[in-house]
Amino acid sequence: MEDILGKKGAEILVDALIQEGVDIIFGYPGGQAIPIFDALYDEKRIKVVLTRHEQAAAHAADGYARATGKTGVCIATSGPGATNLVTGIATAYLDSIPMVAITGQVPTPYLGTDAFQEADMVGISRPITKHNFLVKDIKEFPIILKQAFYIAHSGRPGPVLIDIPSDISRGILEDYSYPKEISIRSYKPTVYGHPKQIEKAAELIKNAQKPVIFAGGGVISSNASQELFELVTKLNAPITLTLMGLGAFPGEHPLFIGMPGMHGSKTANMALQQADVIISIGARFDDRVTGHVGSFAPKAKIIHIDIDPATISKIVRVDIPVVGDAKNILKELNKILPIREGSEWNKQIEQWKNGSLFTYRNSEKVIKPQFVIETLYKLTKDKDIVITTDVGQHQMWTAQYYRFLKPRTFISSGGMGTMGYGMPAAMGASLGLGYKQVVSVSGDGSIQMNIQELATISINKIPVKIIIINNTYLGMVRQWQEMFWNKRYSSTCLRGGTLCIECKGPSHCKKKYIPDFIKLAESYNIPSFRAEKPQDVERVLLEGLKIEGPALMEFIVAPEENVFPMVPAGKSLDQVMEEL
Amino acid sequence: MNTRTISVLVENHSGTLSRISGLFSSRGYNIASLTVGETEDPTVSRMTIVVEGDDQIIEQVIKQLNKLIDVIKVIDLKDLPVIEREFILIRVDTGKNNRHEIIELADLFGAKVVYVGSSSITFELSAPCDKINDFISLIRPYGIKELIRTGKVAMAQTKK
């Protein structure tokens, strides 16, 4: 072969990945991505994990990012490969997760011709990315790569997509060098809070009688848990964490009052409704948190600390906004805040709490899903493990009954609510943490949305412990149908689907559940265990957790168990239903 | 409905316009008019956007515009002394005997004749938007055959 001066586009990409400190990427090849995968073939510094579906590659990159704090990278080919990434990119976007998604594209002369496997990815991904690029000139490629990583992880993090036509990845750039510094004139995130705003916030906090600290995922992405801990303990004030914020403050601490919102603790919701000052940190007042916005926290003045100015007063009117990075702002705030003594307010909180944040009625006959999570917590709380979930009832039970003690130990699709997220995210998290044990809690519905990843887990011997809470239903939808749609279980039973004419309920059903998850796991060469009685729960968990490598544990649970407490959609937070 | 004029400096890239228009469409906000063109710096374009909506919507629009990576600067022209112009081409039916009357009316507004046909006259007019609106409403009874408006361009009287 003759000597080629300069570097091929695909080699530039690989070099950029190394310069950005990327050690693992998740991907799936295809025609227009072959040059990229070819360049990765001999690169030993980057581990390429071949998933079994592009969606899983995106979720794995996302799980990697959430577990490590680094930017996750996924790669797919053009057309269907790229569109399969879409759900994963949108999931990362809604939860502000740093990710770079790389897609192959048809060569530039073919753009817009409906060429084979062509999809307008820049157009498709525009509303679900923080920014995106189509590389049309190889000269721009190094700077685009540098910008992509910078944009993905700075400010409010988010996914960035780079669409690379194959004539660019095959093309050659002479005198290539990767930019060391980057400055984008139109993008300068505010990192330090305005001192005047911080002072105003401190003044309001000093005079608060009923303060509540309300923190979200921003605390985790800013690595501000320590500063948050100092703030909470200094103020001696109750703290509620959104779903995205779980782990940012130790879940066993007496000042922790659980998650707020639709399936939040009564204590957290009452506290928000009665508070006179709410200190919101890196949370965005999602509708699942606020309930009916008009009646949210009616007595409270709100301090909103957020890195994204567009979040301020987007949903709830804020009294004192402080724009900037949570860690910096909390540091400054902690410096000027005095220690607060406990008060009547703290007693009121304890009264609401009444010993526990969440309760359920256990049974000796059937396995209660909450019992599985409680037992899992009991067995793993000292083991420093990471938990991922899918979406639905099992996700809420995990959020309620597992007490997350450290940041980045709870990984779940919060904003997007993506079923099929949990298992691929667990793969990414485990690999990112050097083959650390990760427990993926799923429902029997969610797990089937990316079940093909059992192959990726098995082949790569990733120690993902898959827990399936099998209630034979799409449980969360079934719960809504039971509560608000006259028990018309339309298309939510996974035994019968829509085929049963006269359903007398799950206890009379003779239909076999399909698939048999135990046999399925066997075919993927993954050890599997099933518990059908409450007495088996602990044994099955112990067996699954103790073996090396992956394991699958299925729990046959009470089919019609509901998630409580519940604030029905559109109701105010004090209108809590605690049972049916 | 309230309208507000916002001046936006953006990177002169392909795709920037679709990011801006997408920002409006995905939130259900209405654009009354949008103009775009190169500035004194060829790498920068200026958009003049007239937005419909209440104060809260306008506030969100400005924040979301600022959030876009390609947006360099957003200038809310609400409380500034502003120079604004819009340009129109308008073809008016002259009927049998209306030609003189129409030309007289156009003269009052400073509209110039750009084409005279057998039964129509075409004018051009560059003026502040409300003056344009007045002209159009006065000319309408004669019969407007075709009307093209560029949308508003605006700048603050002194550079901010």
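Residues numbered from 1 in each chain as written. Chains lettered and ligands numbered in written order. Predicted model: local features only at pLDDT ≥ 70, side-chain atom pairs only at ≥ 80, totals over all residues.

## Considering the overall build of chain B
When helices and strands are counted, chain B shows 4 helices and 9 strands. Listing each helix as α and each strand as β along chain B from the N terminus yields β-α-β-β-α-β-β-α-β-β-α-β-β. By its C-alpha atoms, chain B is 55 × 35 × 30 Å across when sized along the principal axes. A fraction of 72% describes how many contacts in chain B between residues 6 or more apart in sequence connect residues 24 or more apart. (Helix = DSSP H or I, 4+ residues; strand = E, 2+ residues; numbered from the N terminus. Contact = placed C-beta atoms within 7 Å.)

## Side note on the overall build of chain A
Scanning chain A from terminus to terminus reveals 22 helices and 19 strands. For 580 residues, the compact-globule estimate of 2.2 N^0.38 gives 25 Å, and the C-alpha radius of gyration of chain A, at 25 Å, lies within 12% of that figure. Among the 580 residues that make up chain A, the fraction classed as buried is 55%. Partitioning the contacts of chain A with sequence separation of at least 6, the portion at a separation of at least 24 is 77%. (Rg over C-alpha atoms; globule rule 2.2 N^0.38 Å. Buried ≥ 20, exposed ≤ 12 C-beta atoms within 10 Å, placed from the backbone.)

## Some details on the nonpolar core
In terms of nonpolar packing, the biggest core is built from 172 residues, with Ala-61, Cys-74, Val-100, Ala-215, Leu-228, Ile-278 and Phe-555 of chain A touching the most fellow members. In terms of residues, this core owes the most to one element, helix α3 (residues 54–68) of chain A, which gives 8 residues. Once residues lying within four places of it in the same chain are set aside, the contact partners of Ala-215 of chain A are Leu-228, Ile-239, Leu-241, Gly-245, Ala-248, Phe-249, Ile-281, Gly-282 and Ala-283 of chain A. By size, the runner-up hydrophobic cluster in this structure holds 18 residues, among which are Ile-6, Ile-49, Val-74 and Val-153 of chain B. (Core = buried A, V, L, I, M, F, W, Y, C linked by C-beta atoms within 7 Å.)

## As for helix α17 (residues 393–401) of chain A
Residues and elements named next belong to chain A. Of all the 9 residues making up α17, 9 are buried; the element is thus mostly covered by neighbouring parts of the structure. Turning to α17, its buried residues are Gln-393, His-394, Gln-395, Met-396, Trp-397, Thr-398, Ala-399, Gln-400 and Tyr-401. Check the buried side of α17 and you find it contacts α16 (369–380), β14 (386–389), β16 (438–443), β17 (464–470) and α20 (475–484).

## Some points on unusual backbone geometry
Among all residues except glycine, the phi angle is most often negative; among peptide bonds, the trans geometry is most common. Residue and element names in this part refer to chain A. Here Ile-514 and Pro-515 are connected by a cis peptide whose omega angle stands at 0°. In this fold, Pro-515 is placed in the loop between α20 and α21 (517–523). With an omega dihedral of 0°, the bond running from Phe-564 to Pro-565 counts as a cis peptide bond. Topologically, Pro-565 is positioned in the segment after β19 (551–556). In the Ramachandran plot, Thr-472 falls in the positive-phi region, its phi being about 65° despite a non-glycine side chain.

## Notes on helix α22 (residues 537–546) of chain A
Residues and elements named next belong to chain A. For α22, the complete set of buried residues consists of Val-537, Val-540, Leu-541 and Gly-544. Viewed along the axis of α22, the buried residues span an arc of 100°, placing them on a single side of the element. Pointing more than 90 degrees away from the buried face of α22 are the exposed residues Arg-539 and Lys-546. Residues of α22 that are buried sit in contact with α16, β17, β18 (528–531) and β19. (Arc of directions from axis to C-beta.)

## Some words on the interface of chain B and chain A
A common measure of how large an interface is: the accessible area buried when the components associate. Listed as interface residues are 15 residues of chain B and, on the opposing side, 12 residues of chain A. Breaking the side of chain B that touches chain A down by element, the ones donating at least two residues are α1 (16–27), α2 (55–67) and β4 (71–76) of chain B. At 5 residues, the largest contribution of residues to the side of chain B that touches chain A is made by α2 of chain B.

## Describing the sheet that holds strand β6 (residues 131–134) of chain A
Residue and element names in this part refer to chain A. Strand order in this open sheet of 6 strands is β3-β2-β4-β5-β7-β6, and the pairing throughout is parallel. Of all strands in the sheet, those bounded by a partner on one side alone are β3 (47–50) and β6. Across the sheet, the axes of successive neighbouring strands diverge by a mean angle of 20°, strand direction being ignored. Pairing geometry for β6 and strand β7 (residues 159–165), over 4 bridges, is parallel. Its bridge partner being in β7, Asn-132 is matched across the sheet by Leu-161. Strands in contact with helix α7 (residues 141–153) are β5 (99–105), β6 and β7; relative to β7, the strand with the most contacts, it is inclined by about 160°. (Pairing = 2+ DSSP bridges. Axes fitted to C-alpha atoms, helices over the stretch in contact; angles between N-to-C directions.)

## Digging into the pairing of strand β12 (residues 301–306) of chain A
Residues and elements named next belong to chain A. For β12, the buried fraction is high: 5 of the 6 residues fall into the buried class. Bridge count for strand β11 (residues 277–281) against β12 is 5 bridges, and the pairing is parallel. Directly across from Ile-281, in β12, lies its bridge partner Ile-305.

## Focus: the environment of Lys-47 of chain A
Residues and elements named next belong to chain A. With respect to the helices, strands and loops of the structure, Lys-47 is situated in strand β3. Separated by 144 residues in sequence, Lys-47 and Val-191 place their C-alpha atoms 33 Å apart. If we skip the residues at most four places from it in the chain, Lys-47 touches Asp-23 and Ile-24.

## Things to note about the domain arrangement of chain B
All names here are of chain B. Domain assignment breaks chain B into domain 1 (3–76) and domain 2 (82–156). Looking at the side of domain 1 that touches domain 2, the elements that each hand over two or more residues are β1 (3–11), β2 (30–38) and β3 (44–52). Looking at the side of domain 1 that touches domain 2, the element that brings in the most residues is β2, giving 3 residues. For the side of domain 1 that touches domain 2, a count of residues per class yields 3 nonpolar, 5 polar and no charged. (Domains from an automatic or database assignment. Nonpolar A, V, L, I, M, F, W, Y, C, P; charged D, E, K, R; others polar.)

## Some words on the packing of α3 of chain A against helix α18 (residues 422–432) of chain A
Residues and elements named next belong to chain A. In contact at an axis separation of 6 Å, α3 and α18 are set at 45° when each is read in the N-to-C sense. In terms of orientation, α3 lies oblique with respect to α18. As α3 packs across α18, the resulting crossing turns out to be right-handed. Counted together, Ala-56, His-59, Ala-60, Ala-61, Asp-62, Gly-63, Tyr-64, Arg-66, Ala-67 and Thr-68 of α3 and Pro-424, Ala-425, Ala-426, Met-427, Gly-428, Ala-429, Leu-431 and Gly-432 of α18 form the full contact between these two elements. For the contact of α3 with α18, the residue count by class is 11 nonpolar, 5 polar and 2 charged. (Parallel < 35°, antiparallel > 145°, perpendicular 65-115°, else oblique. Left-handed = near helix turned anticlockwise from the far one by under 90°.)

## Let's talk about the domain arrangement of chain A
Residues and elements named next belong to chain A. Here chain A is described as being made up of domain 1 (7–173), domain 2 (195–353) and domain 3 (369–556). Look at where the C-alpha atoms of domain 2 and domain 3 centre, and you get two points 31 Å apart. With 13 residues of domain 2 at the contact, the number on the domain 3 side is 14 residues.

## Some points on the sheet that holds β17 of chain A
All names here are of chain A. With parallel pairing, the 6 strands of this open sheet are ordered in space as β15-β14-β16-β17-β19-β18. Here the strands that pair on one side only, and so sit at the sheet edges, are β15 (410–411) and β18. Across 6 bridges, the pairing between β17 and β19 is parallel. Considered in β19, the bridge of Ile-468 is made with Glu-554. Contacts between α17 and the sheet are confined to β14, β16 and β17, with β16 contributing the most and set at about 135° to the helix.

## Remarks on the pairing of strand β2 (residues 24–27) of chain A
Within a regular strand, the side chains alternate between the two sheet faces. Residue and element names in this part refer to chain A. Pairing between β2 and β3: 4 bridges, direction parallel. What sits directly across from Gly-27, in β3, is Leu-50. Taken together, β2, helix α2 (residues 34–41) and β3 form a β-α-β motif whose crossover is right-handed. Judged from the 2 bridges that link them, β2 and strand β4 (residues 72–76) form a sheet pairing that is parallel. Bridging across to β4, Gly-27 finds its partner in Ile-75. (Right-handed = clockwise from strand over helix to strand, strands pointing away.)

## Focus: the environment of Cys-503 of chain A
Along the polypeptide, Cys-503 of chain A turns up in the loop between α20 and α21. Put simply, Cys-503 of chain A and Tyr-489 of chain A are 14 residues apart on the chain and 9.5 Å apart in space, counted from C-alpha to C-alpha.

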